[in-house]
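A closer look at the structure
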Amino acid sequence: MKGWILDLYPDLNSGKMVIWLKGKTGCYRLREDYEPTFYVHSSKNSLERMRTHYEKRDFKTEFVRRKTDLYSNSKRKLLAVTPGKVFDPRNQLQAISFFEGFNKYRFYNVDIPLDQRYLIEKNIKPFSLVEKDNGWKSLEKETTIRYSKPPLRKTYLETESKSSSYRKKEDELESIKVDEEEIKGKESDILEELNEMITRKDPDILLTSSGDIFEIPYLVHRAEINDIDLKLGRKRSFHPPKSGSWYESYGRIIYKAPFYPLKGRVHIDIESSFLFGEGGVEGLIEASRISKVPMQRLSRRSPGSLINAMEVEKALEKGYLIPWKKNISEDFKDSIHLIKADRGGHIFEPEVGLHKGVVKMDFASMYPSIIDKYNLSPETLGCDCDNYREVPDLGYRVCKDKRGIIPKVVEPLIERRQKYKQLEDKNSIFEKRADILKWLLVTCFGYTGYKKARFNSIEVHESITAYGREILLRAAELAQKLGFDVIHGIVDSLWLKGDKAKVETLQRKVKEKTELKLEKEGVYDWIVFVESRAGGVGALNHYYGVFEGELEVKGLYLKRNDTPDYFKEVQKEILEELKEIKDEEVVESIMMDIIEIVKRKRNELKNREIDLEKLLFTKTTSRKAEDYKHVNEMKSALVQYKDIGFTRSPGQSVEYIVKDSKSSDVREKVKIKEKDPQFYDTAYYEDYLYRVVEEILSPFGYDRKAIKKTART
DNA sequence: GCAACTGAACTACCA
DNA sequence: ACTGGTAGTTCAGTTGCG
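Residues numbered from 1 in each chain as written. Chains lettered and ligands numbered in written order. Predicted model: local features only at pLDDT ≥ 70, side-chain atom pairs only at ≥ 80, totals over all residues. Heavy atoms only, no water.

**Brief notes about the overall build of chain A**
Which entries qualify depends on this criterion: Going along the chain from the N terminus, every DSSP run of H or I of four or more residues is numbered as a helix, and every run of E of two or more is numbered as a strand. Just to be clear, the radius of gyration here is over C-alpha atoms, and the globule rule we use is 2.2 Å times residues to the power 0.38. Between buried and exposed lies partly exposed: a residue is buried under 20% and exposed over 50% of the maximum accessible area for its type, with that area taken using a 1.4 Å probe on protein chains only. Whether two residues are in contact is decided by their heavy atoms: any pair within 4.5 Å suffices. Working definition of accessibility: Shrake-Rupley area with a 1.4 Å probe, residue cover restricted to the visible protein chains. Counted as positive: Lys and Arg. Counted as negative: Asp and Glu. His and the chain ends are not counted at all. Where a charge lies is defined by one atom per residue type: Lys uses NZ, Arg uses CZ, Asp uses CG and Glu uses CD.
Regarding its fold elements, chain A presents 19 helices and 28 strands. Against the compact-globule benchmark of 27 Å for 713 residues, chain A has a radius of gyration of 29 Å, which places it among compact chains. A total of 713 residues make up chain A; the buried ones form 52% of that total. The long-range fraction of contacts in chain A, counting pairs at least 24 apart against all pairs at least 6 apart in sequence, stands at 65%. Surface summary for chain A: the accessible area is close to 34100 Å², and the carbon and sulfur share equals 46%. Computed over 130 positive and 120 negative side-chain charges, the separation of the two mean positions in chain A equals 5 Å.

Take a look at the structure:
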């Protein structure tokens, strides 16, 4: 049987792997035997006891010698245990550790997701053409970028309910939209017709726009009430109501929606999926193939977790066993906390004000290229062999002989991305694949410094940035020697003023000296670096200009998610005026026009002529209402959400207008969108107007006070 | 008693 | 279950002044 793997998952009840194979004519469900082995290290007596215990249960056991430690090649004696079925040993092992002491045992290969492990061991990928008879056989070339794809049917599902300002499970269904078709009428009829329609369309991918947060559990609930058997998957699946969770990642709180997978069909919640947002279905296919994580689970995961998946694969390939994460955190935590000399990337402070004829140059995928070129990986660092290289500034020794795990992960990502970037097609498929690979590349660096990561290493993280600083400084030096002015530089980018004819010479010299490719991104007609409010220095990453004929803005209010739309529009309007800055003489007349705009905006605000929607602040909460230390806008908003029974979890966003900025009454300070606010604090919003204008005009000598004064005359 | 100042708390963006 | 670095606002407490 030939086809493409659409999804797979372990079925712990039957002890088999379930694989959904999409063929040219249909989609088939296969159930396969799978016997994953796990390993235990302990004292001789304990292992003997354990062996007896598992043999009584008819598990296969065997003593073996395997590599367990990334940092040495010596092998240890271990007990290999193979249950005759798909099996998750973690709960059991937790209990054993609890009764007999946590340090007594070390477990290996117990927490690699079974679907991914199955694919690795059978050497096949999701969405790649395979043949199944007795075993699995891949029918495509390993590194191909022009791979065949299954004929995929995609359906978009959207529901609407009879509700007022926010949606609840109790609201009756108003209508359902399936692609372009709308189903209306009695709720039970709607649901019956939905079943029919899904069966008729038989999609492979079901897209929703907040299925995990609301729509799937909602539909399940409505179907239950109407006593209808809802069939969203190709096979029935059970969807108990779940609530979302949240977790903290370095001070940032991220909300995690519950997961409602379908059987035999890939459900993607496009709102909850970061990776879908970056590369669409095409991006997910590419990511799924390269990481061997099935699409349905992959769509909910972060780039970091895919990097972890790929690192695990490379480690297994090299013959290492993967220690249970529980053990890892105990062993490695302290060493990670001790060293904190990490300096990050280098920065050339920007020169505040207007510049013309600036070229932007950058190193493509600088950090990943450094990992690749200099072979940086936890197990290649601190090498004691003779063939080594030293990290600049830090002096760490890096092995030149054995290729590291992380470089092995990064190399194909860089190569594939480069190939995709050179290709063009009318549906931008290659572009989407390149976009998703970019995210994996960026994350690869951050993950080396992430303390909960399996293959982290502060020394590797430091080394990458040390090389990065060295390379950026060398490039800047070379640029200066050629007569360029370094206007600004950060991590992997340089803004240069000078003779454009010399750009190619610069590129050649940089390549000779650093081995990395410095690319010319383009030319600014003009660029303005904004002044920092804290002092007269340039604010890093805050600038605007006309780049290759298009307006480019970084870091301004306009780019922030928590800026009300109204102020974003004000900044846009002002920037449109500024587009005409060709020489200093027109500056004055442009300023006059801008002042007129500001006056008009001020009057609109004062006279309450603005649609309140445009004045809404949207912010992401980081904690529960009661955990905010001050009576601030967030607390105020959260309390009101609770009032109406629409509780928001940390990591979810709130929307509100500022009703009385100075008030310390949580029900007066702001008013949430769902309470249909009518009034806003005009003084507060007026002040906000002057702020957003100041941000753009400060390099031309207008501060907040001056703008306020002029606008009010 | 109020304005001015300061530092912590907080959200968000940059590469 | 990606990083460090930085900008800018708001809040609450303290200081300075008359």
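**Brief notes about the side chain of E187**
Defined as follows: Contacts described as polar in this section are N or O atom pairs within 3.5 Å, which, within protein, must combine one atom able to donate a hydrogen with one able to accept it, while residues neighboring in sequence count only if both atoms come from side chains.
With respect to the helices and strands, E187 occurs in helix α4 (residues 187–201). Side-chain polar atoms of E187 contact the backbone nitrogen of L173, separated by 2.6 Å. Here E187 is in contact with D171, E172, L173, R222 and N226, once residues within four sequence places are set aside.

**Some words on the protein's contact with DNA strand B**
How we decide: Neighbouring residues are identified by heavy atoms, a residue being near a molecule or strand if any of them is within 4 Å of it. Classes in brief: Ala, Val, Leu, Ile, Met, Phe, Trp, Tyr, Cys and Pro nonpolar; Asp, Glu, Lys and Arg charged; the others, Gly included, polar.
Around DNA strand B, a shell composed of 20 residues is seen, among which D492, G555, N561, S622 and Y628 lie nearest. Backbone atoms, meaning sugar and phosphate, make up 94% of the atoms of DNA strand B lying within 4 Å of the protein. In the environment of DNA strand B, a sugar or linking oxygen lies 3.1 Å from a nitrogen or oxygen atom belonging to the side chain of S493. Contributing elements (two or more residues each) for the surface near DNA strand B: β24 (538–547) and β26 (617–620). Tallying contributions element by element places β26 first for the surface near DNA strand B, with three residues. Looking at the surface near DNA strand B, its residues break down into four nonpolar, eight polar and eight charged.

**Focus: the sheet that holds strand β13 (residues 205–208)**
Using the following cut-off: When DSSP locates at least two bridges between a pair of strands, those strands are taken to pair. Simply put, an axis is a line fit to the C-alpha atoms, just over the touching stretch for a helix, and the angle between two N-to-C directions goes from 0 to 180 degrees.
The sheet built from five strands is open, its strands ordered β12-β11-β10-β13-β16 with mixed pairing. Each edge of the open sheet is held by one strand with a lone partner, namely β12 (181–184) and β16 (266–269). Pairs of neighbouring strands in the sheet enclose a mean axial angle of 25°, with direction left out of account. Relative to strand β11 (residues 173–178), strand β10 (residues 154–161) runs antiparallel, the two being bridged by five bridges. Residue pairing in the sheet places L157 in a bridge with V178 of β11. Those strands touched by α4 are β10, β11, β12 and β13, and its axis lies near 10° from that of β11.

**Examining the packing of helix α15 (residues 565–578) against helix α18 (residues 682–697)**
For any two helices packed against each other, the geometry comes down to the angle between their axes and how far apart the axes lie. Basically, it comes down to this: By convention the crossing between two helices is left-handed if the near helix lies anticlockwise of the far one by an angle smaller than a right angle, and right-handed if it lies clockwise.
Interaxial distance between α15 and α18 falls to 10 Å at its minimum, and their mutual angle equals 35°. For the crossing formed where α15 meets α18, the hand is right-handed. Along the contact surface, α15 presents F567, V570, Q571, I574, L575 and L578, while α18 presents Y685, Y688, L689, V692, V693, E695 and I696. For the contact of α15 with α18, the class distribution of residues is 11 nonpolar, one polar and one charged.

**A closer look at a nonpolar patch on the surface**
Keep this limit in mind: Here, patches come from residues exposed beyond 30% relative accessible area and free of salt bridges, joined within 9 Å for like charges and within 5 Å for nonpolar side chains (Val, Leu, Ile, Met, Phe, Trp, Tyr). By convention in these notes, a salt bridge is any Lys or Arg side-chain nitrogen within 4 Å of a carboxyl oxygen on Asp or Glu.
On the surface, F274, W439 and V442 cluster together into a nonpolar patch covering about 250 Å² of accessible area. On the secondary structure map, W439 appears in helix α12 (residues 429–448). Classification of W439 as partly exposed rests on a relative accessible area of 31%.

**Considering helix α8 (residues 303–317)**
Our working definition: Here the expected length of a helix is defined as 1.5 Å per residue gap, with one fewer gap than residues.
The end-to-end C-alpha distance of α8 is 21 Å, a good match for the 21 Å that 15 residues give at a rise of 1.5 Å each. In terms of burial, α8 is a largely internal element, 13 of the 15 residues being buried.

**Focus: the packing of aromatic side chains**
The following threshold applies: Centres within 6.5 Å make a pair out of two Phe, Tyr or Trp rings, where for Trp the six-membered ring is used; the pair is then stacked when the planes are under 30 degrees apart, edge-to-face when over 60, and tilted otherwise. Definition used: whenever NZ (Lys) or CZ (Arg) falls within 6 Å of the ring centre and also within 35 degrees of the ring normal, the charge is taken to sit over that ring.
Under the counting rule described, the total for this entry stands at 29 aromatic pairs. Measuring from ring centre to ring centre gives 5.2 Å for Y680 and Y685, while their planes differ by 85°; the resulting arrangement is edge-to-face. A residue is classified by how much of its surface remains accessible, and Y680, at 4% relative accessible area, is buried. A relative accessible area of 0% means that Y685 is categorised as buried. What links up through ring pairs into an aromatic cluster is the set Y557, Y566, F567, F617, Y656, Y680, Y684, Y685 and Y688. Stacked on the ring of F63, the Lys or Arg K77 has its end atom at 4.7 Å from the ring centre. A cation over an aromatic ring shows up here: R648 above the ring of F646, its NZ or CZ 4.4 Å from the ring centre.

**Quick look at the confidence of the model for chain A**
Defined as follows: On a scale of 0 to 100, pLDDT captures the predictor's confidence in every residue.
In this model, chain A carries an average pLDDT of 89, and 95% of its residues clear a pLDDT of 70 or more. Low pLDDT (under 50) marks residues 327–340, which in the prediction has 15 contacts with non-local residues, meaning those over four places away or in another chain.

**Quick word on the environment of K201**
With respect to the helices, strands and loops of the structure, K201 is situated in helix α4. Given the relative accessible area of 22%, K201 is considered partly exposed. K201 sits 48 residues away from R153 along the chain, and the two C-alpha atoms are 8.1 Å apart. Ignoring sequence-local partners within four residues, the contact set of K201 consists of R153, T155, V178, D179 and E181. Only 2.6 Å separates the side chain of K201 from the side chain of D179, close enough to count as a polar contact.

**A short note on a negative patch on the surface**
Side chains of E158, E160, E174 and E182 sit close together on the surface and give a patch of like negative charge. Following the sequence through the fold, E182 ends up in strand β12. On the basis of relative accessible area, E182 is assigned to the partly exposed category, the value being 47%.

**Description of the environment of I436**
Structurally, I436 is set in helix α12. C-alpha separation for the pair I436 and F276, spaced 160 residues apart in sequence, amounts to 8.8 Å.

**As for the side chain of T563**
Relative to the elements of secondary structure, T563 occurs in the loop between β25 (550–554) and α15. In this structure, T563 is in contact with Y557 and K568, ignoring residues within four places of it in sequence.

**Let's talk about helix α5 (residues 211–225)**
Burial analysis of α5 places 11 of its 15 residues in the buried class, which makes it a mostly covered element. Where α5 is concerned, the buried positions are G211, D212, F214, E215, I216, P217, Y218, L219, V220, R222 and A223. Among the structural elements, β10, β11, α4, β13 and β16 are those in contact with the buried residues of α5. D227, located one to two residues past α5, shows a positive phi value of around 55°.

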